[in-house]
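Secondary and tertiary structure notes
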Amino acid sequence: RHTRYPLVTGVQTCALPIYSIRLHITGGEPTLWPELGEFAKYFKKIVGCKITISTNGTRTLRFWEQYAEFFDDIAISIHNERCDVNHLIEIMDYIYLHHPDVLINGTVLMDPLNWSRSEEIASKLTAHLTPWLLKTRPVLTQGKMDLFDETQINYMADKIGRAHV
């Protein structure tokens, strides 16, 4: 019985050997949970499942040095209003170069109300030499793309794939 994380016992008990378990960690900013790193480490070792996390990438490089190996996929959503591009590059480079089995990808959220900043972020990440996965996605207003012009829509369509192709 696992008393630290009771959920682990439940998942282990329910999991049939023929199935692959994948844990998706999302919601708000999951890296703010103080126990996330130890939880991922513990869950990976005990259950042996794949772990995916969606994050804004604001945690320190030290966090990723300590825990990146326990995630299989790391998806970073990149928001123009709080993006430190150099910090993201440092984190994404570290994960890509030191943990080649971890899929690292970034999604630049293109804001029509702050297009130039969004485009600057996407361009800097695309020009970087490390070929992590990078894509752009529109920030919608009431579920619509009304605020984007045709040039912006075309820009987003072209910015899907590997960085520095």
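Residues numbered from 1 in each chain as written. Predicted model: local features only at pLDDT ≥ 70, side-chain atom pairs only at ≥ 80, totals over all residues. Heavy atoms only, no water.

1. Quick look at the nonpolar core
Our working definition: We call a set of buried Ala, Val, Leu, Ile, Met, Phe, Trp, Tyr and Cys residues a nonpolar core when their side-chain atoms join them within 4.5 Å. Note on exposure labels: buried denotes an accessible area under 20% of the residue type's maximum, exposed denotes more than 50%, and partly exposed covers the range between, all computed with a 1.4 Å probe on protein chains only. Labels follow the DSSP assignment, with helices taken as runs of H or I lasting at least four residues and strands as runs of E lasting at least two, numbered in each case from the N terminus.
Counting residues in each nonpolar core, the largest one holds 41 residues, and the members touching the most others are F71, I74, I95 and L125. Element by element, the count of residues in this core is highest for helix α4 (residues 85-98), at seven residues.

2. Some thoughts on the pattern of salt bridges
Put simply, the rule reads: The rule for a salt bridge is simple: a side-chain nitrogen of Lys or Arg has to be within 4 Å of a carboxyl oxygen of Asp or Glu.
Under the defined criterion, the tally for this structure stands at four salt bridges. Across the salt bridge formed by D73 and R22, the nearest N and O atoms sit 2.6 Å from each other. Of the two residues, D73 sits in strand β3 (residues 73-79) while R22 sits in strand β1 (residues 22-25), which places them 51 residues apart along the sequence. Among the residues examined, D73 registers a relative accessible area of 15% and is labelled buried. Residue R117 is joined to E120 by a salt bridge in which the shortest nitrogen-to-oxygen separation is 3.3 Å. In this pair, R117 and E120 are both assigned in helix α5 (residues 115-127), three residues apart and thus about one turn of the helix distant. Residue class for R117 comes out partly exposed when judged on its relative accessible area of 22%.

3. So, the side chain of N80
How we decide: We call two N or O atoms a polar contact when they sit within 3.5 Å, provided that within protein one can donate a hydrogen and the other can accept it, with sequence-adjacent residues counted only if both atoms are side-chain atoms. Residues are treated as being in contact if the distance between any of their heavy atoms lies within 4.5 Å.
Tracing the sequence through the fold places N80 in the loop between β3 and α4. Here N80 falls in the buried class, since its relative accessible area comes to 6%. Here the side chain of N80 touches N114 through a polar contact of 3.0 Å, side chain to side chain. Ignoring anything within four residues of it in the chain, the contact list for N80 reads L109, D111, N114, R117, S118 and I121.

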